[in-house]
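Coordinate inspection notes
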Amino acid sequence: QRYVAAIACLKKALYLDPFEWIISYNLGLVHLNTGQYASAFHFFSASINLKPDFPSSYMYLAITLARLDDFENACSAYEKAIEMESDHLFELNYAITLYNNEEYEKARQHFTDFEKLFQELDEETRNADPEVLERRQTLQALLQGQDAVTKRGGL
């Protein structure tokens with residue numbers, strides 16, 4: 001119910017100021033969170049066109065593209081975000097997308113980059129988002145399991 005209200009308010013704001021990039025960005029986030037990936041793609045693309053120097057837009061566009069099964073363009077969007085800014089969330093989400101597409105070695109590399117950036121954060125920031133901790137733990141276990149399969153020579 002709150003998402004519906006958020007979309008209504010943001011669409012009114014977009015009508016009033018169609019060139020304000022943050023409105024499109026927030027509409028992209030709401031649509032991504034409600035599983036409306038085509039709409040999320042539209043709004044993240046608009047946000048990037050209006051403000052191409054905001055790297056988080058590229059990360060969320062990449063997540064959206066991955067959900068739309070466009071792996072190649074998702075990778076390009078992640079790489080653009082990472083090129084613009086070194087951020088632990090960019091690395092973690094890219095590693096997850098790579099793992100989900102069976103690019104295990106690249107996933108491991110980006111997870112290692114995530115870990116380096118994550119360890120540089122202060123403790124409060126590291127523990128601020130339980131979802132990041134959960135995804136970190138899950139991906140770490142999956143990559144370790146993949147290591148075991150590789151060492152045994154496959155399944």
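See the structure shown above.
Residues numbered from 1 in each chain as written. Predicted model: local features only at pLDDT ≥ 70, side-chain atom pairs only at ≥ 80, totals over all residues. Heavy atoms only, no water.

Right, let's talk about helix H3 (residues 37-50) for a bit. Helical periodicity: at 3.6 residues per turn, an α-helix aligns residues three or four positions apart in one direction. Look at H3: 20 Å from first C-alpha to last across 14 residues, which is about the 20 Å you get at 1.5 Å a residue. Every buried residue of H3 is listed here: Ala40, Phe43, Phe44, Ser45, Ser47 and Ile48. On its buried face, H3 is in contact with helix H1 (2-16), helix H2 (21-33) and helix H4 (55-67). (Helix = DSSP H or I, 4+ residues; strand = E, 2+ residues; numbered from the N terminus. Expected span 1.5 Å × (residues − 1). Buried < 20%, exposed > 50% of the residue type's maximum accessible area, 1.4 Å probe, protein only. Contact = heavy atoms within 4.5 Å.)

Here H2 crosses H3 at 160 degrees, and the two axes come no closer than 7 Å. The angle between H2 and H3 places the two elements in the roughly antiparallel class. Of the two elements, H2 crosses H3, and the hand of that crossing is left-handed. Counted together, Trp21, Ser24, Tyr25, Leu27, Gly28, Leu29, His31 and Leu32 of H2 and Tyr37, Ser39, Ala40, Phe43, Phe44, Ala46, Ser47 and Leu50 of H3 form the full contact between these two elements. Partitioning the contact of H2 with H3 into residue classes produces 11 nonpolar, 5 polar and no charged. (Axes fitted to C-alpha atoms, helices over the stretch in contact; angles between N-to-C directions. Parallel < 35°, antiparallel > 145°, perpendicular 65-115°, else oblique. Left-handed = near helix turned anticlockwise from the far one by under 90°. Nonpolar A, V, L, I, M, F, W, Y, C, P; charged D, E, K, R; others polar.)

By size, the foremost hydrophobic cluster in this structure holds 32 residues, and its most contacted members are Phe44, Leu92, Phe111 and Leu139. Broken down by secondary-structure element, the contributors of at least two residues to this core are H2, H3, H4, helix H5 (71-84), helix H6 (88-100), helix H7 (104-120) and helix H9 (130-152). When residues of this core are assigned to their parent elements, the largest contribution, 7 residues, is made by H6. Leu10, Leu14, Leu27 and Phe43 belong to the second largest nonpolar core, which has 7 residues in total. (Core = buried A, V, L, I, M, F, W, Y, C linked by side-chain atoms within 4.5 Å.)

For the rest of this paragraph, the subject is the pattern of salt bridges. The full count for this structure, using the stated rule, is 5 salt bridges. Put simply, aspartate 53 and lysine 51 hold a salt bridge, and the shortest N to O gap is 3.3 Å. Looking at aspartate 53, the relative accessible area reads 52%, which means it is exposed. Taking the shortest distance from any N to any O, the salt bridge between lysine 80 and glutamate 83 comes out at 4.0 Å. With a gap of 3 residues between them, lysine 80 and glutamate 83 both fall in helix H5, about one helical turn apart. (Salt bridge = Lys/Arg side-chain N within 4 Å of Asp/Glu carboxyl O.)

With that out of the way, let us pick up unusual backbone geometry. Note on backbone geometry: most residues besides glycine have negative phi, and most peptide bonds are trans. Even without a glycine there, the phi angle at aspartate 69 is positive, about 65 degrees. Residue position: aspartate 69 is located in the loop between H4 and H5. Note on aspartate 69: relative accessible area 71%, which makes it exposed. Phi at glutamate 102 is positive, roughly 60 degrees, even though this residue is not glycine. Its location among the elements puts glutamate 102 in the loop between H6 and H7. Here glutamate 102 falls in the exposed class, since its relative accessible area comes to 59%.

Time to look at the packing of H4 against H6. Running from N to C, H4 and H6 cross one another at 15 degrees; their axes reach a closest spacing of 11 Å. Between H4 and H6, the crossing angle belongs to the class labelled roughly parallel. The hand of the H4/H6 crossing is left-handed. In this structure, H4 uses Pro55, Ser56, Met59, Ile63 and Ala66 to contact H6, whose residues at the interface are Leu89, Phe90, Asn93 and Thr97. Of the residues contributing to the contact of H4 with H6, the split by class is 6 nonpolar, 3 polar and no charged.

For the rest of this paragraph, the subject is the environment of cysteine 9. Note on placement: cysteine 9 falls in helix H1. The class of cysteine 9 is exposed, set by a relative accessible area of 57%. Taking C-alpha positions, cysteine 9 is 38 Å from glutamate 115, a pair spaced 106 residues apart along the chain.

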